[in-house]
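# Architecture at a glance
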Amino acid sequence: MATPLSTAGNPLTNKQDFNYLKNGRLNLCILRDYILQQLKRCMDQFHTEKSNIPRQFTKDKCVIVDDDIKTLLGHIQILNDIQASDVRIFKDRQHDTSDYKITLFIVRPKAVYMEIIANTIKDELSILKQRLKQVKGATVTKQYGIIFVPRRSRVCEEKLKEKGVRGDIIIDELNLDFLPIDQDLLTMEYNDCFKDLYEKNDTTTTYNMAQGLTTIQNLYGIIPNVYVKGDKAIACYNSMQRLQSEIPDKEKRVPPQIDNLILLDRSVDYLTPMLFPGTYEALIDELFGIKFNRIELPTSILSEDFCKTQKIDSSSEEKLMVRLLSSDALYSEIRYSNMVPVSGKMKERVENKKRLREEWEKKYKDTKTGELQGQKLVEMKEFVQKLRGDQSQTFSTHFELVYYIRQQAKQFLDKYVYNQFKLLFDASLQEAIRTIEEAIAYKENIFHILRYLSVMCFVLNGTLKQKEYDLIKKDIVQTYGLQYLVLIHSLEEVGLLYQQPSAQPTKNSETMFEKLKQDLNLLQMNVNMNEPEDIHYIWNQYAAISIRLIEKIVYGTTGTNNQALNDIMNLLPGKTLVDTQQVPMELKRQRHGSTTSLQSQNKFAINKPTTQMTPSTLQQSKLTMVVFIGGVTYGEIAALRFLSDISDNQNDFIIATTHFINGTTLIKSLVEIAQ
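Residues numbered from 1 in each chain as written. Predicted model: local features only at pLDDT ≥ 70, side-chain atom pairs only at ≥ 80, totals over all residues. Heavy atoms only, no water.

Looking up the protein chain in an unreviewed UniProt entry gives the name Vacuolar protein sorting-associated protein 33A, with the organism given as Didymodactylos carnosus. Taken from UniProt, the Sequence similarities (unreviewed entry) comment for the protein chain reads in full: "Belongs to the STXBP/unc-18/SEC1 family." (UniProt positions renumbered as here; feature names shortened; annotations may be inferred.)

### What to know about the overall build of the protein chain
A count of helical and extended segments in the protein chain gives 24 helices and 15 strands. Within the protein chain, the fraction of its 675 residues that count as buried is 55%. Within the protein chain, contacts between residues at least 6 apart in sequence are counted, and of these 80% link residues at least 24 apart. Summed over all atoms, the accessible surface of the protein chain reaches about 31600 Å², with 46% contributed by carbon and sulfur. (Helix = DSSP H or I, 4+ residues; strand = E, 2+ residues; numbered from the N terminus. Buried < 20%, exposed > 50% of the residue type's maximum accessible area, 1.4 Å probe, protein only. Contact = heavy atoms within 4.5 Å. Areas by Shrake-Rupley, 256 points an atom, 1.4 Å probe, with all protein chains shown as cover.)

### Some remarks on the packing of helix H3 (residues 111–132) against helix H4 (residues 154–162)
Running from N to C, H3 and H4 cross one another at 30°; their axes reach a closest spacing of 9 Å. With respect to H4, the element H3 is oriented roughly parallel. Every pair of crossing elements has a handedness; the one defined by H3 and H4 is right-handed. Taken together, the residues of H4 that come into contact with H3 (itself represented by Ala111, Met114 and Glu115) are Cys156, Lys159 and Leu160. Broken down by class, the residue content of the contact of H3 with H4 amounts to four nonpolar, no polar and two charged. (Axes fitted to C-alpha atoms, helices over the stretch in contact; angles between N-to-C directions. Parallel < 35°, antiparallel > 145°, perpendicular 65-115°, else oblique. Left-handed = near helix turned anticlockwise from the far one by under 90°. Nonpolar A, V, L, I, M, F, W, Y, C, P; charged D, E, K, R; others polar.)

### Some words on the sheet that holds strand S15 (residues 652–657)
Strand order in the open sheet formed by seven strands is S7-S8-S15-S14-S10-S9-S13, with mixed pairing between adjacent strands. Each end of this open sheet is capped by a strand with a single partner; those strands are strand S7 (179–182) and strand S13 (576–580). The average undirected angle you get between the axes of adjacent strands in this sheet is 20°. Contacts from helix H20 (residues 545–555) reach strand S9 (225–229), strand S10 (260–265), strand S14 (623–629) and S15, with the element oriented near 155° to S10. (Pairing = 2+ DSSP bridges.)

### Some details on the environment of Tyr416
Among the secondary structure elements, Tyr416 is positioned in helix H14 (residues 393–425). For Tyr416, a relative accessible area of 8% puts it in the buried group. Linking Tyr416 and Arg451, residues 35 residues apart in sequence, is a C-alpha distance of 9.9 Å. In contact with Tyr416, not counting residues within four places along its chain, are Met274, Phe276, His448, Arg451, Tyr452 and Val455.

### Points about the pattern of salt bridges
This structure, assessed with the given rule, holds 26 salt bridges. Between Asp652 and Arg25 there is a salt bridge; the shortest N-O distance is 2.9 Å. With a gap of 627 residues between them, Asp652 in strand S15 and Arg25 in the loop between strand S1 (6–7) and helix H1 (29–44) connect regions that are remote in the sequence. Residue classification places Asp652 among the buried residues on the basis of a relative accessible area of 10%. (Salt bridge = Lys/Arg side-chain N within 4 Å of Asp/Glu carboxyl O.)

### Comments concerning the pairing of S14
Counting buried residues in S14 gives seven out of seven residues, a clear majority hidden from the surface. Going residue by residue along S14, you find Leu623, Met625, Val627 and Ile629 tucked away on one face and Thr624, Val626 and Phe628 tucked away on the opposite face as well. Relative to S14, S10 runs parallel, the two being bridged by six bridges. When the sheet's bridge partners are listed, Leu264 is paired in S14 with Phe628. Looking at chain direction, S14 and S15 are connected through six bridges and run parallel. Within S15, the position partnered with Phe628 by the bridge is Thr657.

### Quick notes on the packing of aromatic side chains
Counted according to the given criterion, the structure contains 17 aromatic pairs. Ring centres of Phe458 and Phe513 lie 6.1 Å apart, and the angle between their planes is 75°; this geometry places the pair in the edge-to-face category. Of the two residues, Phe458 sits in helix H16 (residues 446–459) while Phe513 sits in helix H19 (residues 512–519), which places them 55 residues apart along the sequence. Aromatic pair Tyr634 and Phe660: ring centres 5.2 Å apart, planes at 20°, arrangement stacked. Pair noted here: Tyr634 is in helix H23 (residues 634–646) and Phe660 is in the loop between S15 and helix H24 (663–668), with a separation of 26 residues, a long-range link. Assessed through its relative accessible area of 7%, Tyr634 is described here as buried. (Phe/Tyr/Trp six-rings, centres within 6.5 Å; stacked < 30°, edge-to-face > 60°.)

### Looking at the environment of Val87
Relative to the helices and strands, Val87 resides in strand S3 (residues 86–89). Classification of Val87 by relative accessible area gives partly exposed; the value is 32%. Sequence separation between Val87 and Cys62 is 25 residues, and the spatial gap between their C-alpha atoms is 6.0 Å. Val87 has contacts with Val63 and Val65, leaving out every residue within four places of it along the chain.

### Considerations on the packing of H20 against H23
Viewed as axis vectors pointing N to C, H20 and H23 meet at an angle of 30°, and their least axial separation amounts to 10 Å. When the axes of H20 and H23 are compared, the pair comes out roughly parallel. For H20 against H23, the interelement crossing comes out right-handed. On H23, the residues that touch Ser546, Ile547, Ile550, Glu551 and Tyr555 of H20 are Glu636, Ala639, Leu640 and Leu643.

### Observations concerning empty space enclosed by the protein
The final tally for this structure, using the stated rule, is eight cavities of 30 Å³ or more. In this structure, the largest cavity encloses a volume near 80 Å³. Those elements giving two or more residues to the lining of the largest cavity turn out to be helix H8 (271–274), helix H9 (280–288) and H23. For the lining of the largest cavity, the leading source of residues is H9, giving three residues. Its residues assigned to classes, the lining of the largest cavity shows seven nonpolar, four polar and two charged. (1 Å grid on protein atoms, 1.4 Å probe; cavity = no way out; pocket = protein on both sides within 12 Å on 5 of 7 lines; lining within 4 Å. Points joined across faces, edges and corners; volume = space filled by probe spheres on them.)

### Remarks on the sheet that holds strand S4 (residues 100–107)
Read across the open sheet, the five strands follow the order S3-S2-S4-S5-S6; overall the sheet is parallel. The open sheet terminates on both sides in strands that have one partner only, identified here as S3 and strand S6 (169–173). This sheet shows a mean twist of 20° between the axes of neighbouring strands, independent of strand direction. Alignment of S4 against strand S5 (residues 143–148), held across six bridges, turns out to be parallel.

### Some remarks on unusual backbone geometry
Cis geometry marks the peptide bond from Val149 to Pro150, where omega comes out at 5°. Residue Glu189 is not a glycine yet carries a positive backbone phi of 55°. Position of Glu189 among the secondary structure elements: in the loop between strand S8 (185–187) and helix H5 (193–198).

### A look at the confidence of the model for the protein chain
With 82% of its residues at a pLDDT of 70 or more, the protein chain has an overall mean of 83. Of all the helices and strands in the protein chain, S1 carries the lowest mean pLDDT, 40, while H8 carries the highest, 98. In this model, residues 1–14 is a region of pLDDT below 50 whose contacts with residues beyond four sequence positions or in other chains number 41 contacts. The low-confidence segment residues 593–620, where pLDDT is below 50, has 61 contacts with residues more than four positions distant or belonging to other chains. (pLDDT = per-residue confidence, 0-100.)

### Structural notes on the side chain of Arg548
Take Arg548: it is sitting in helix H20. Not counting residues up to four positions away in its chain, the partners in contact with Arg548 are Leu520, Asn521, Leu522, Asp534, Ile535, His536 and Ala543.

Below you can see the structure in the form of structure tokens.
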């Protein structure tokens, strides 16, 4: 919902209604309540009655929390359950908390944090001992605690031992894995995980996601049918299976509410994030970055009329916060629409607003109070309601956003989109090289250039030679600076830039992209943006590889098409796995006899051997959880919701991800210089 703007600060203190989380196929309020219970369990260890506070302390509890964790807890509004006298942001140099009986740190398990915490504890204990020297027999009763999110770390505990403070600290963990963002959307908000996953090959993220999926299955039942694509996805599923095997069958008490689980590795489809989308919400993320359904707007982009109406100081450097939630009717109407019809819809509303004002002037301007009786008064009230609806702050805010996006489109987006589709439809190596050389010569946005180069490497893989690629790389470094050589190296390491030609080229000398383009119907020349029939409209003329794979899995293939799907899977990076998870018989019976949270019964033959299960088995699926490891774009979210809508409620999706990305944020996450 696009709510009234407010000056940037802490928007999380505003009370929010979470009933909308109950409206989807899964009641995600159950997940929120679970997180709340976990937090209360942790807090119970650090509770003290104010009447029992020793004289050496003046306050009971100070909580020092990592900034991003505070944002996570604030989003689901459970910060108040910490019940602390003071809540502070974790910093390199902490403020003195020696006046508090309890000091509690809620942080990510990072070794560098342990040094800061250890030094803080040593300094405070020294201060407290000095205070108590004059009191005979007095001892320090200060209590310290660390709650690691999402898991406690042996490395961190060893670091505390080295510093000599481990014995002074109570340690626990808060399993804050998946957070509900919308009624069909979960995120872990691991914004730095892409570099860890694909460049450092760190398995922490995949293990934490496996833990999160285990929690989901504890709350909503075992997911019987599993389809996995990509090496990181395979690692995650293997970890999840090990965790599931440790849970006794007698503790598995919830009938299955999710039919299928699809785990997708981001490396399976690097192309989609690099392309600029065409839908309203996805472009908002490209330009402003959506965080927990909120964006921050610089006042400099707002019109004078808007600032005057909303009493905003346009000269201020402060940013304004806008909330974007599905409960807002206007936002829900246009968020997944292509910008072409969005502009038309906003224009219609402006004209309607003007018409209503003229009609008001004509009918009621000279009406006296004494004349407002009976039917005329009723008509006037109805008219005022219509007028207020079109004068809402929500409309004004979205009008400003749409206008700004159109401005940006004219300045650079339209040109980039034109170049990217010229490359996708008719890949010409020499023309692509000229396009990128021209962009470098004009010193255009480096991240847009790198996105185009990534698309170029993917589309022309097998055609683009090492020598030509090296010349482009040299040109970028000479123009933008040597520091970007590190970034380019990182992009090469994760596979976003230059891939060696395949050792086994496809028939008729087709590139991999040409085969995918044909087999998955990735491109369409003429797209109806106003009444779309397929997902091409989301990226203007392109359909995401990731979504096409999900379509094949969920809606099924038969006969020779199964082999065609296998051929496609073999073209894409990473291993493929199709499996089933065993569901206790009594839970299957309960589910078949229950209608709670389900629209239909599970028809799958769960006990079939893994080798007999094919994507066609999933054709009858009703609820599928799609998990993106390495990030998901808002375009892909829009595409899955579009598929759910056009299937007449026969197939619904729950989307889970490590974090939200677009091409620029994905590239920036790889190196500090990009920040």
